[in-house]
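Here is how the chains run, residue by residue.
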Amino acid sequence: QVQLVESGGGLVQPGGSLNLSCAASGSIFSITAMGWYRQTPGKERELVAVIGRDDSTKYVDSVKGRFTISRDNAKNTVYLHMASLKSEDTAVYYCNAKQPGELVWGQGTQVTVSS
């Protein structure tokens, strides 16, 4: 079983930056990919960025060039660096780990972009 704990959310002004962290513990050897999703009230959760075991990355078009996903294998942690933030980036951000036949979610962290 994998457990995920996110941190780093908060309030930031438009144009600012914020870093999210997701620490994984438990059966991490079975993880094939990790990603960040976000969700706003009344909308479905959407994929923001994902990083594979081979360090390949994928981003939703709306964040390309502004967000960067990375990981530190020694710390079993995945990061999401968010820059040039916009009000439409406001959401609850969830970390996700993909295992064979299962998706594991963190508890979510609120990111609010507002002046």
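Rules behind the numbers
- Residues numbered from 1 in each chain as written.
- Predicted model: local features only at pLDDT ≥ 70, side-chain atom pairs only at ≥ 80, totals over all residues.
- Heavy atoms only, no water.
- Disulfide = S-S within 2.5 Å.
- Helix = DSSP H or I, 4+ residues; strand = E, 2+ residues; numbered from the N terminus.
- Buried < 20%, exposed > 50% of the residue type's maximum accessible area, 1.4 Å probe, protein only.
- Contact = heavy atoms within 4.5 Å.
- Polar contact = N/O pair within 3.5 Å; in protein donor to acceptor, adjacent residues only side chain to side chain.
- Salt bridge = Lys/Arg side-chain N within 4 Å of Asp/Glu carboxyl O.
- Phe/Tyr/Trp six-rings, centres within 6.5 Å; stacked < 30°, edge-to-face > 60°.
- Lys NZ or Arg CZ within 6 Å of the ring centre and 35° of its normal.

**So, the state of the cysteines**
Part 1 of the reasoning: Counting across every chain of the model gives 1 disulfide.
Part 2 of the reasoning: There is a disulfide in this structure between Cys 22 and Cys 95, and the S-S distance comes to 2.0 Å. Looking down the S-S bond of the Cys 22 and Cys 95 bridge, the torsion is -80 degrees, so its handedness is left-handed. On the criterion of sequence distance, the pair formed by Cys 22 in strand 3 (residues 18-26) and Cys 95 in strand 9 (residues 91-99) is long-range, its members being 73 residues apart. For the pair Cys 22 and Cys 95, one class covers both residues: buried.

**Some remarks on the environment of Thr 40**
Part 1 of the reasoning: Note on placement: Thr 40 falls in the loop between strand 4 (33-39) and strand 5 (46-52).
Part 2 of the reasoning: Thr 40 sits in the partly exposed class, given a relative accessible area of 25%.
Part 3 of the reasoning: Expressed as a C-alpha distance, the spacing of Thr 40 and Gly 9, which sit 31 residues apart in the sequence, is 14 Å.
Part 4 of the reasoning: Setting aside residues no more than four positions away along its own chain, Thr 40 makes contact with Thr 90 and Ala 91.

**Some remarks on the side chain of Arg 66**
Part 1 of the reasoning: Structurally, Arg 66 can be placed in the loop between strand 6 (57-59) and strand 7 (67-72).
Part 2 of the reasoning: Judged by relative accessible area, Arg 66 falls into the buried class, the value being 11%.
Part 3 of the reasoning: A polar contact is formed between the side chain of Arg 66 and the backbone oxygen of Ser 84, at a distance of 2.9 Å.
Part 4 of the reasoning: With residues up to four places along the chain from it excluded, the contact list for Arg 66 reads His 81, Met 82, Ala 83, Ser 84, Leu 85, Lys 86 and Asp 89.

**Description of the pattern of salt bridges**
Part 1 of the reasoning: Per the stated rule, a full pass over the model turns up 5 salt bridges.
Part 2 of the reasoning: Note that Asp 89 is salt-bridged to Arg 38, the shortest N-O span being 3.0 Å. Within this pair, whereas Asp 89 is found in the loop between strand 8 (77-82) and strand 9, its partner Arg 38 is found in strand 4, the two being separated by 51 residues in sequence.
Part 3 of the reasoning: On the basis of relative accessible area, Asp 89 is assigned to the buried category, the value being 0%.

**Overview of the environment of Lys 75**
Part 1 of the reasoning: When you line up the elements, Lys 75 lands in the loop between strand 7 and strand 8.
Part 2 of the reasoning: According to the relative accessible area criterion, Lys 75 is exposed, its value standing at 55%.
Part 3 of the reasoning: C-alpha of Lys 75 to C-alpha of Ser 7: the two residues are 68 residues apart in sequence and 14 Å apart in space.

**Considering unusual backbone geometry**
Part 1 of the reasoning: Of note in the backbone geometry, Asp 55 takes a positive phi value of approximately 70 degrees without being a glycine.
Part 2 of the reasoning: If you trace the backbone, Asp 55 turns up in the loop between strand 5 and strand 6.
Part 3 of the reasoning: With a relative accessible area of 46%, Asp 55 lands in the partly exposed category.

**A closer look at the packing of aromatic side chains**
Part 1 of the reasoning: This model, assessed by the stated rule, comprises 2 aromatic pairs.
Part 2 of the reasoning: Taking 4.9 Å as the distance between ring centres and 75 degrees as the angle between the ring planes, the aromatic pair formed by Tyr 37 and Trp 105 counts as edge-to-face. One end of the pair, Tyr 37, is in strand 4; the other, Trp 105, is in strand 10 (residues 102-105), with 68 residues separating them in the sequence.
Part 3 of the reasoning: On the basis of an interplanar angle of 90 degrees and a centroid distance of 6.4 Å, the ring pair of Tyr 94 and Trp 105 is categorised as edge-to-face. A residue pair is termed long-range when its members are at least 10 positions apart, and Tyr 94 in strand 9 and Trp 105 in strand 10 qualify at 11 residues.
Part 4 of the reasoning: When its relative accessible area of 33% is taken as the criterion, Trp 105 is described as partly exposed.
Part 5 of the reasoning: Arg 45 extends its terminal NZ or CZ atom over the ring of Trp 105, reaching a point 4.5 Å from the ring centre.

Honestly, it's all geometry; don't read function into it.
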